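# Structural overview
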Amino acid sequence: MQLGVIGLGRMGRIVVDRTLGAGHDIVAYDVAEEAVESAAKAGAEPADSVADLAEKLGEEKRIWLMVPAGEPVDAALEDLEPYLDGDDVVVDGGNSYFEDSVRRGETTSAAYLDCGTSGGPAGAELGFSLMVGGPEWAYEELTPVFDAVATGPDGHDRMGESGSGHYVKMVHNGVEYALMQTYGEGFELLHEGRYDLDLEAVARTWNNGAVIRSWLLELCEEAFREEGTDLGDVADHIAGGSTGTWTVQEALEQEVPVPLIYEALSERFGSRAPEDGRFSRRLANRLRYGFGRHEVKRD
């Protein structure tokens, strides 16, 4: 299959590399010329504009957008619109708000697939988890690409109509907030408690057979190994928050209680003006680097 990729940042480049690795052809574009040059060296066909990319894709266009959520997605779709028709497919692989995805599904000339993407930069080796919403025929048409980008056939599925993919990813991120908060509070108690513990050893032991083993716990072990049991100069500051906010807002609208996710979101906001330097929030700060390579704010 021939796929156009617009947006060649960390996640977009992984889409390019994994799709190329599966034997597909890539036409790549980014506003940063050096990113296009790098993708070309990896085997992609470079494009110098959205129009150039559309022309090189031919009659039936298959395009993956991996640009920041919000206005950049609308701008990319607006640039593509003159070149699209109902036989084309556009995938939005960013963290778009699901209601924006519903709107785009209704207004885009091509079939629009909203694709929630989880796995972070570690997906370069393992593949992503992909939660896809939109027309079934378009999902089936892109299945070879989803197989390549995801961990395999079990790493992706169609969640339902337009908006459902980003809706599921939104709730996924809310769950992620709560899990990070829970690990953070547990390790804070161990750190402040009555024993002088090696938290790297605790995390490693828990992750070998314990009920609470997980990838996030592996990242806790990594954090303690690299930063030390006291987390060194890692600051009490947790970035992010949009998808968690959307999750809580949706829970209020649907009258579904989500106290754990709400409290985790509150802790995240509380870290922006810290008073007590909470250990749990410092660990969450470091965990975001572990799974997403987000910058670690330090004191």
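Residues numbered from 1 in each chain as written. Predicted model: local features only at pLDDT ≥ 70, side-chain atom pairs only at ≥ 80, totals over all residues. Heavy atoms only, no water.

### Let's talk about the environment of P257
Definition in use: Each helix corresponds to a stretch of at least 4 residues labelled H or I by DSSP, and each strand to a stretch of at least 2 residues labelled E; elements are numbered beginning at the N terminus. Accessibility here uses a 1.4 Å probe with only protein chains present; expressed as a share of the type maximum, an area under 20% marks a residue as buried, one over 50% as exposed, and anything in between as partly exposed.
Relative to the assigned elements, P257 resides in the loop between α12 (242–254) and α13 (259–270). Among the residues examined, P257 registers a relative accessible area of 68% and is labelled exposed.

### Let's talk about the environment of T182
In this fold, T182 is placed in helix α9 (residues 164–192). Placed 62 residues apart in sequence, T182 and G244 show a C-alpha to C-alpha distance of 15 Å.

### Some remarks on helix α11 (residues 215–227)
How we decide: Here a helix's expected span is defined as the number of its residues, less one, multiplied by 1.5 Å. Two residues form a contact once any of their heavy atoms are found within 4.5 Å. A 3.5 Å cut-off defines polar contacts: any pair of N or O atoms within that distance qualifies, except that in protein one atom must be a possible hydrogen donor and the other a possible acceptor, and neighbouring residues in sequence count only when both atoms are side-chain atoms.
Compared with an ideal rise of 1.5 Å per residue, which puts 13 residues at 18 Å, α11 spans 18 Å between its outermost C-alpha atoms and is within 8% of the ideal. Along α11, the residues classified as buried are L216, L217, L219, C220, E221, E222, A223, F224 and E227. On its buried face, α11 sits against α9, α10 (199–206) and α14 (279–292). Between the side-chain oxygen of the N-cap and the backbone nitrogen of L216 there are 3.3 Å, and the N-cap of α11 in question is S214. Immediately beyond the C-terminal end of α11, within one or two residues, lies G228, with a positive phi of roughly 100 degrees.

### So, the packing of aromatic side chains
This is how the line gets drawn: A pair of Phe, Tyr and Trp rings is counted when the ring centres sit within 6.5 Å of each other, with Trp represented by its six-membered ring. The angle between the planes then sorts it: under 30 degrees is stacked, over 60 is edge-to-face, the rest tilted. Working rule: Lys NZ or Arg CZ, within 6 Å of ring centre, within 35 degrees of ring normal, means a charge sits over the ring.
Under the counting rule described, the total for this entry stands at 8 aromatic pairs. Between F98 and Y167, the ring centres sit 4.8 Å apart and the planes meet at 90 degrees, which makes this aromatic pair edge-to-face. In this pair, F98 is assigned in helix α5 (residues 98–107) and Y167 in helix α9, connecting sequence segments 69 residues apart. By relative accessible area, F98 is classed as buried at 11%. Taking the centre distance of 5.3 Å and the plane angle of 45 degrees together, the rings of F187 and W206 count as tilted. You can see F187 sitting in helix α9 and its partner W206 sitting in helix α10, a full 19 residues away along the chain. The ring of Y177 is capped by R268, whose NZ or CZ atom sits 3.7 Å from the centre of that ring.

### What to know about the nonpolar core
For clarity, the cut-off: Note on terminology: a nonpolar core comprises buried Ala, Val, Leu, Ile, Met, Phe, Trp, Tyr and Cys residues joined through side-chain atoms within 4.5 Å.
Residues V5, L8, W64, L130 and F146 are the most contacted members of the largest nonpolar core, which totals 29 residues. The residues contacting W64, other than those within four sequence positions of it, are L3, G4, V5, I6, V15, V91, G93, C115, L130, V145, F146 and V149. Within the second largest apolar cluster, 21 residues are counted, among which are Y183, L216, L219 and C220.

### A short note on the pattern of salt bridges
For clarity, the threshold we go by: Any carboxyl oxygen of Asp or Glu that lies within 4 Å of a side-chain nitrogen of Lys or Arg is treated as forming a salt bridge with it.
This model, assessed by the stated rule, comprises 18 salt bridges. R62 is the partner of E60 in a salt bridge, and the nearest nitrogen-oxygen pair spans 3.4 Å. R62 sits in the buried class, given a relative accessible area of 5%. A salt bridge links E141 to R62; the nearest nitrogen and oxygen atoms lie 3.4 Å apart. Taken together, the positions of E141 in helix α7 (residues 136–141) and R62 in strand β4 (residues 62–65) put the pair 79 residues apart, joining distant regions of the chain. Here the residues in one salt-bridge network are E222, E226, E227, D233, R286 and R298, joined through shared partners.

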